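Structural features, examined
If you want the building blocks of each chain, they are given just below.
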Amino acid sequence: MPVILGIESSCDETSASVCVDGEIRSNVIANQTIHEAYGGVVPELASRVHQQNIIPAVQQAILNAKVSKNDIDAVAFTRGPGLLGSLLVGVSFAKAFALAQDIPLIEVNHMQAHVLAHFIGKHKPSFPFLCLTVSGGHTQIVLVKDYFDMKIIGQTQDDAAGEAMDKTSKILGLPYPGGPLIDKYARQGNPDAYKFPEPQIPGYNFSFSGLKTAILYFIRDNEAKNPDFIKENLPDICASVEKRIVTILLNKFKRAAQEYNIKDLALAGGVSANTGLREGLQQLCLQQGWNSFVPNFEYCTDNAAMIAIAGHYKFLSGEFVGQEVAPMARMPF
Ligand code: KG4
Ligand code: ZN
């Protein structure tokens, strides 16, 4: 009955979670609002805020889980990918905690953890399944054969889907992170109001940089004719952009599922919180007779519960690392 402490600090969320025998007992997430003023995450500021938040977040996670520090059997932490300074805070904390408590350390790949968030709760996909992992830094179609046997069959060649959301919102004058705001305005707009191009990229790879430029030119041209264009049409613009991003993602995901003959399709990462994408996948699976797996909102964006559940499965197979482990800004799997 392992008790795992999970630590996540790869970007701008400081998070700690306790998992008892595969069940998440707490998931404390300290968001950093300081970046809003800059239109994106400022790495140095992120590291400093992690440093302030990490101990209170861990204390709260232990308290909420109703366990004691001495009950913890292992500490799992995000080794990468992510911002090096941010990762360093979590990795250093995890190493010190493991040393002080004389318990093993478990390294976790952040992108694999997003996929493994599907093993929190009762509705779990069966192996092999496909996962569309869409976050602020990554866009991947992953063939998941086992907990830690995953293969990326397609990914973005430039911007990530979340980046496309965030950059669009910046063009529209909305604060960072823009994804949730695009989602909010899109609900009140007409998704067919404007047509944006669908990039023609071979295989299961993606590209979002051309779409970003198309949106930029579209806004610039319309604002030249009507300075209030954004203000008057914000819901329609957001709904149309969201629809294009969702169709780019789901068209490839559908083809991958057909070719690999997979019937369990999952979404993961921050953009999987998007209403249009969640509904789109559910509709697609209903039409095709497939099963859709959409994580709880709490486990879509960065959180330590996904690190703790990944740690749980690594604990069961005895996959530990030593004190010499260092963070990896680019961590392949
Ligand atoms: O996984 P995540 O929390 O962090 C990374 O590992 O990058 O993903 C963050 C991304 C941001 O780009 C954010 O705008 C996007 O997820 N996001 C959304 C929504 N909620 C978060 N995008 C669209 N709709 C949402 N509801
Ligand atoms: Zn993430």
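Residues numbered from 1 in each chain as written. Chains lettered and ligands numbered in written order. Predicted model: local features only at pLDDT ≥ 70, side-chain atom pairs only at ≥ 80, totals over all residues. Heavy atoms only, no water.

Focus on the packing of helix 6 (residues 209-225) against helix 7 (residues 229-260)
How we decide: Convention adopted: a line fitted to C-alpha atoms gives each axis, helices being fitted over their contacting stretch, and angles between N-to-C directions are expressed from 0 to 180 degrees. By the criteria applied, helices consist of DSSP H or I runs no shorter than four residues and strands consist of E runs no shorter than two, each listed in order from the N terminus. Every angle not falling under 35 degrees, over 145, or within 65 to 115 is termed oblique; those three ranges are roughly parallel, roughly antiparallel and roughly perpendicular. Each crossing is labelled by how the near helix is turned from the far one, with a counterclockwise turn of less than a right angle marking it left-handed and a clockwise turn marking it right-handed. Residues are treated as being in contact if the distance between any of their heavy atoms lies within 4.5 Å.
Interaxial distance between helix 6 and helix 7 falls to 12 Å at its minimum, and their mutual angle equals 160°. With respect to helix 7, the axis of helix 6 lies roughly antiparallel. Helix 7 is crossed by helix 6, and the crossing has right-handed handedness. Between helix 6, through Leu211, Ile215, Phe218, Ile219, Asn222 and Glu223, and helix 7, the contact on the second element is made entirely by Phe229, Ile230, Ile237, Val241, Arg244, Ile245 and Ile248.

Points about the environment of Leu105
The topology assignment puts Leu105 in strand 5 (residues 105-109). Linking Leu105 and Ser68, residues 37 residues apart in sequence, is a C-alpha distance of 18 Å. Excluding residues that lie within four positions of it along the chain, Leu105 makes contacts with Val75, Phe77, Ala94, Lys95, Ala98, Glu319, Phe320, Val321, Gly322, Gln323 and Val325.

Quick word on unusual backbone geometry
Cis geometry is found at the peptide bond from Gly80 to Pro81, where omega equals -5°. Along the polypeptide, Pro81 turns up in the loop between strand 4 (74-80) and helix 2 (84-101). Residues Tyr176 and Pro177 are joined by a peptide bond in cis, for which omega reads -10°. With respect to the element layout, Pro177 can be found in the loop between helix 4 (161-171) and helix 5 (179-186). We note that Asn261 has phi near 55°; this positive angle belongs to a residue other than glycine. Positionally, Asn261 belongs in the loop between helix 7 and strand 9 (264-268).

A few points about the sheet that holds strand 3 (residues 23-31)
Counted only if it meets this: The pairing criterion for strands is at least two bridges between them, as found by DSSP.
On the basis of which strands lie adjacent, the open sheet formed by 5 strands has the order 3-2-1-4-5 and mixed pairing. Either end of the sheet is taken by a strand with one partner, and the two such strands are strand 3 and strand 5. Between one strand axis and the next, the sheet turns through 20° on average, direction left out of account. Bridging between strand 4 and strand 5 involves 5 bridges; their strand directions are parallel. Note on strand 5: the bridge partner recorded for Gly80 is Asn109. Its contacts with the sheet place helix 2 against strand 1 (3-8), strand 4 and strand 5, and it is angled at close to 160° to strand 4. Relative to the sheet, helix 9 (residues 305-316) contacts strand 1, strand 2 (13-20), strand 3, strand 4 and strand 5, its axis offset from that of strand 1 by approximately 135°.

Description of the pattern of salt bridges
Condition: By salt bridge we mean one thing: a side-chain nitrogen of Lys or Arg within 4 Å of a carboxyl oxygen of Asp or Glu. Think of it in three bands: with a 1.4 Å probe and only protein chains considered, a residue is buried below 20% of the maximum accessible area for its type, exposed above 50%, and partly exposed in between.
Here the structure, examined in full by the defined rule, presents 13 salt bridges. Between Glu163 and Lys167 there is a salt bridge whose closest N-O contact spans 3.4 Å. Taken together, the positions of Glu163 and Lys167, both in helix 4 and 4 residues apart, correspond to about one turn of that helix. You can call Glu163 partly exposed: its relative accessible area is 24%. The partner of Asp221 in a salt bridge is Arg220, with the nearest N and O atoms 3.8 Å apart.

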